[in-house]
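Structure at a glance
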Amino acid sequence: MATRPGPLTEWPWHWMGSFKYLVLAPAALHTAHSVVTKGWGDMNLVYAAMLPALLLRLFHNQIWISLSRHQTARRKHIIVDRSLEFDQVDRERSWDDQAILATLFFYVAYAAIPSVRLMPMWETKGAIAIALLHVGPVEFIYYWFHRALHHHFLYSRYHSHHHASIVTEPITAVIHPFVETLAYFLLFSIPMLIPIYMGYGSVLGVVLYLACNDFINNMGHCNFEMLPKWIFQRFPPLKYLMYTPSYHSLHHTKFRTNYSLAMPIYDYIFNTMDKSTDELYERTLIGTEETPDVVHLTHMTTLQSTYHLRVGIASVASRPSDNHVWYMWMIWPMAWLSMVLAWVYGSSAFVVESLKLKKIMMQTWLIPRYNFQYSLIRERESINRLIEQAISDADQRGVKVLSLGLFNQERQLNGSGELFTQKYPKLRVRLVDGSGLATAVVLKSIPLDTKRVFLCGGGSKVAHATATALCERGVQVIMNQKKEYDMLKLRVAESSTAYLKFSSDEIPQIWIGDIIDDQQQMGAPRGATFIPTSQFPFKKIRKDCTYLSSPAMRIPEAMQNVHTCENWLPRRVMSAWRIAGMVHALEGWGIHECGDDMMDIEQVLSAAIKHGFIPL
């Protein structure tokens with residue numbers, strides 16, 4: 001909201017939440033009725049183009065969002081180096097409101113203006129008229145209207161809502177109060193309506209004009225520089241006719257400069273051009289290749305996790321992945337297509353996130369593979385090659401610590417990373433599987449007065465370490481799987497083996513393990529507590545039991561640029577395996593934590609708490 005919201009600030013369908021697209025239901029039902037009764041052959045061309053045009057605009061904007069977030073994660077050509085937080089993502093999740101409003105306007109125009117229904121697919125004269133009308137009156141009027149919006153009366157009531165986003169993203173371009181957006185629509189309707197009244201309107205002319213406006217707006221609000229210098233060197237007048245992302249970023253950081261829409265000529269004429277515009281453009285265009293101190297190597301999980309990436313759908317990524325949105329099922333074909341493309345063309349890990357804590361720079365690199373692929377034996381060699389390549393790239397770039405997330409550290413895959421330390425004994429980057437901190441967090445979540453726990457399916461490094469530590473503390477660990485029991489008994493100190501028990505009859509209230517399936521959960525006593533020892537949460541099927549989070553900690557408030565959730569974890573909560581890599585770098589530890597090696601659990605937990613991480 002603006003600092004002092006004025007009349008008509010809120011959008012009419014704000015109360016509908018994610019169901020706001022229902023305002024288009026009458027038009028969609030009318031279209032469906034026409035198709036059923038008359039067939040596609042009698043469908044009016046203009047009417048048939050409205051819904052595809054809306055979907056095209058949404059898809060176009062999403063491409064810009066993904067491109068911008070990927071580039072700002074790489075940080076090479078970043079313009080404004082400030083933190084992007086959840087409050088901005090929440091404020092900008094309504095970016096599609098303007099597309100819905102535009103579609104409603106088109107339906108009204110179709111019904112109210114007879115000449116609209118007669119428009120052909122293309123008319124060259126109309127396209128030329130649209131271009132001239134935009135370059136002429138629209139750009140000029142926009143400049144002065146924009147300056148008026150910066151008057152304290154209008155700014156405090158309306159335009160300050162847009163300027164709350166100092167670190168801009170493509171969708172920032174369309175985040176305005178309702179009445180301000182209405183004013184923009186009236187202005188931008190001039191190049192579309194006048195050619196229609198002149199008899200030169202066309203469907204493609206209107207669609208392309210909207211696409212060009214979207215392109216200009218999205219490009220200008222990207223927080224990275226992308227326009228090459230040679231364009232302005234070969235065509236010097238373009239300096240006055242085409243703006244750049246760095247040009248508009250100065251408007252969001254200094255507020256009283258660079259008011260023009262896409263043609264800076266009016267800022268030159270009326271002396272509002274920021275003097276640092278050219279210098280900022282050249283500096284960010286050259287860019288600097290930053291080397292992170294820590295890399296967290298993860299992978300995609302389910303098909304829907306494609307949306308949940310930072311480069312995916314911003315509003316979805318800002319919430320836990322188990323917080324489903326009703327429209328997710330409608331876009332599953334895009335997720336399936338991205339999976340196929342990642343499988344076929346995904347030849348290396350890529351950057352999806354960049355964070356900062358104190359003086360430590362951190363990046364998240366993504367292996368383009370999904371959970372089910374890690375379970376395929378024939379895929380193990382190729383996945384290990386991807387992990388090995390990522391480790392090699394990190395080592396060459398001077399990364400200090402690389403933490404292995406999710407299945408990238410599976411024993412069956414690469415021995416919790418030991419495969420790579422043995423293959424490269426002179427590896428400078430430290431490999432961390434995070435098992436020490438994860439074990440400490442699991443132990444911390446078990447009540448102090450606990451006398452007995454039930455270990456179910458505990459074959460992982462963390463499960464074994466947790467059970468061993470419990471036995472050493474005098475807590476009885478009960479198992480009902482003979483093979484796992486025999487393996488764990490060899491690891492427990494002789495003085496503590498009395499606390500490790502094999503039994504099929506005794507079932508305590510506290511359950512720990514990597515996987516506890518539905519049948520096993522149903523066998524638990526009423527009021528049981530389930531504590532995961534793996535990075536994946538348990539499926540919740542019992543309402544009379546308590547389910548704890550997978551080992552995780554709340555991150556310090558000082559950590560910057562956190563605006564997405566890590567898989568199923570709440571906001572500003574990260575898995576212990578990921579945090580372990582950060583702590584490793586913050587403490588400057590020079591050893592690997594992989595294979596059978598594990599950090600001292602008390603030492604690593606104390607270090608994490610010292611740096612502001614808080615156990616859940």
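Per chain, residue numbering runs from 1 following the sequence as it is written. Where local features are concerned, this predicted model is filtered to residues with pLDDT of at least 70; where side-chain atom pairs are given and counted, the filter is 80 or more; whole-chain, interface and lining totals use all residues. With hydrogens and water stripped out, all remaining heavy atoms of the structure feed into the side-chain values.

1. Regarding the sheet that holds strand β1 (residues 294-299)
At least two DSSP bridges between two strands are required for those strands to pair. We count a stretch as a helix when DSSP gives it H or I for four or more residues in a row; a strand needs E for two or more, and each element gets its number in order from the N terminus. Strand order across the open sheet formed by 5 strands is β2-β3-β1-β4-β5, with mixed pairing between neighbours. Edge strands, defined here as strands with exactly one partner in the open sheet, are β2 (350-357) and β5 (430-432). The sheet shows a mean angle of 25 degrees between the axes of neighbouring strands, direction not considered. Of the pairings in the sheet, the one linking β1 to strand β4 (residues 401-404) comprises 4 bridges and is parallel in character. Residue pairing for β4: V294 is matched across the bridge by V401. Two residues qualify as a contact provided that any one of their heavy atoms is within 4.5 Å of a heavy atom in the partner residue. The convention used is that axes are lines fitted to C-alpha atoms, helices contributing only their stretch in contact, and that angles between N-to-C directions extend from 0 to 180 degrees. Here helix α19 (residues 380-397) sits on the sheet in contact with β1, β3 (360-367), β4 and β5, set at roughly 155 degrees to β3. Contacts between helix α26 (residues 576-587) and the sheet are confined to β1, β2, β3, β4 and β5, with β4 contributing the most and set at about 165 degrees to the helix.

2. Some words on helix α8 (residues 190-198)
P191, M192, P195 and I196 are the residues of α8 that are buried. Buried residues in α8, looked at end-on, bunch into an arc of 125 degrees, giving them a common side. Along its buried surface, α8 packs onto α4 (97-112), α5 (124-149), α7 (178-188) and α9 (203-220). Positioned one or two residues after α8, G199 has a phi angle of 90 degrees, which is positive. Residue exposure (1.4 Å probe, protein chains only): buried if accessible area is under 20% of the type maximum, exposed if over 50%, otherwise partly exposed. Within this analysis, the arc is defined by the directions that extend from the helix axis to the C-beta atoms.

3. Comments concerning unusual backbone geometry
Here R75, not a glycine, exhibits a phi torsion of approximately 70 degrees, which is positive. Locating R75 in the fold gives a position in the loop between α2 (45-74) and α3 (86-91).

4. Re the side chain of T301
One can find T301 in the loop between β1 and α15 (305-308). Excluding residues that lie within four positions of it along the chain, T301 makes contacts with Y370, N371, L406, F536, N567 and W568.

5. Regarding the packing of helix α23 (residues 461-472) against helix α24 (residues 482-491)
Where α23 meets α24, the axes come as close as 10 Å, and the angle between the chain directions of the two elements is 60 degrees. Between α23 and α24, the angle is such that the two are oblique. The interaxial crossing formed by α23 with α24 has right-handed handedness. Seen from α23, the contacting residues are H464, A467 and T468; seen from α24, they are E484, M487, L488 and R491. All residues other than Ala, Val, Leu, Ile, Met, Phe, Trp, Tyr, Cys, Pro, Asp, Glu, Lys and Arg, Gly among them, are scored as polar; the first ten of these are nonpolar and the last four charged. When its residues are assigned to classes, the contact of α23 with α24 shows 3 nonpolar, 2 polar and 2 charged. In what follows, roughly perpendicular refers to angles from 65 to 115 degrees, roughly parallel to angles under 35, roughly antiparallel to angles over 145, and oblique to any angle outside these ranges. Put simply, a crossing is left-handed when the front helix is turned counterclockwise from the back one by less than a right angle, and right-handed when it is turned clockwise.

6. With respect to the nonpolar core
Only buried residues count toward a nonpolar core. Its members are Ala, Val, Leu, Ile, Met, Phe, Trp, Tyr and Cys residues joined through side-chain atoms within 4.5 Å. L437, V477, M559 and F613 are the most contacted members of the largest nonpolar core, which has 55 residues in total. Broken down by element, this core gets its largest block of residues, 8 residues, from α26. Residue ranges labeled as domains rest on an automatic or database domain assignment. Both domains that furnish three or more residues to this core are identified here as domain 2 (294-432 + 568-615) and domain 3 (447-550). Setting aside chain neighbours within four positions, we find F613 in contact with L357, M553, R554, I555, P556, M559, I579, M582, V583, L586 and A608. Residues V138, M219, L261 and M273 belong to the second largest nonpolar core, which totals 23 residues.

7. Considering the domain arrangement of the protein chain
In terms of domains, the protein chain is made up of domain 1 (14-230), domain 2 (294-432 + 568-615) and domain 3 (447-550). The C-alpha-based centres of domain 2 and domain 3 are spaced at 26 Å. Counting residues at the interface gives 20 residues for domain 2, matched by 13 residues for domain 3. The term salt bridge refers to a side-chain nitrogen of Lys or Arg lying within 4 Å of a carboxyl oxygen of Asp or Glu. Scanning the region where domain 2 abuts domain 3 turns up 1 salt bridge. Notably, a salt bridge pairs R473 with E602, separated by 3.4 Å at the nearest N-O pair. What qualifies as a polar contact is a pair of N or O atoms within 3.5 Å, subject to a donor-acceptor requirement within protein and to the restriction that residues adjacent in sequence count only when both atoms come from side chains. Linking domain 2 with domain 3 are 4 residue pairs in polar contact (both at pLDDT 80 or more).

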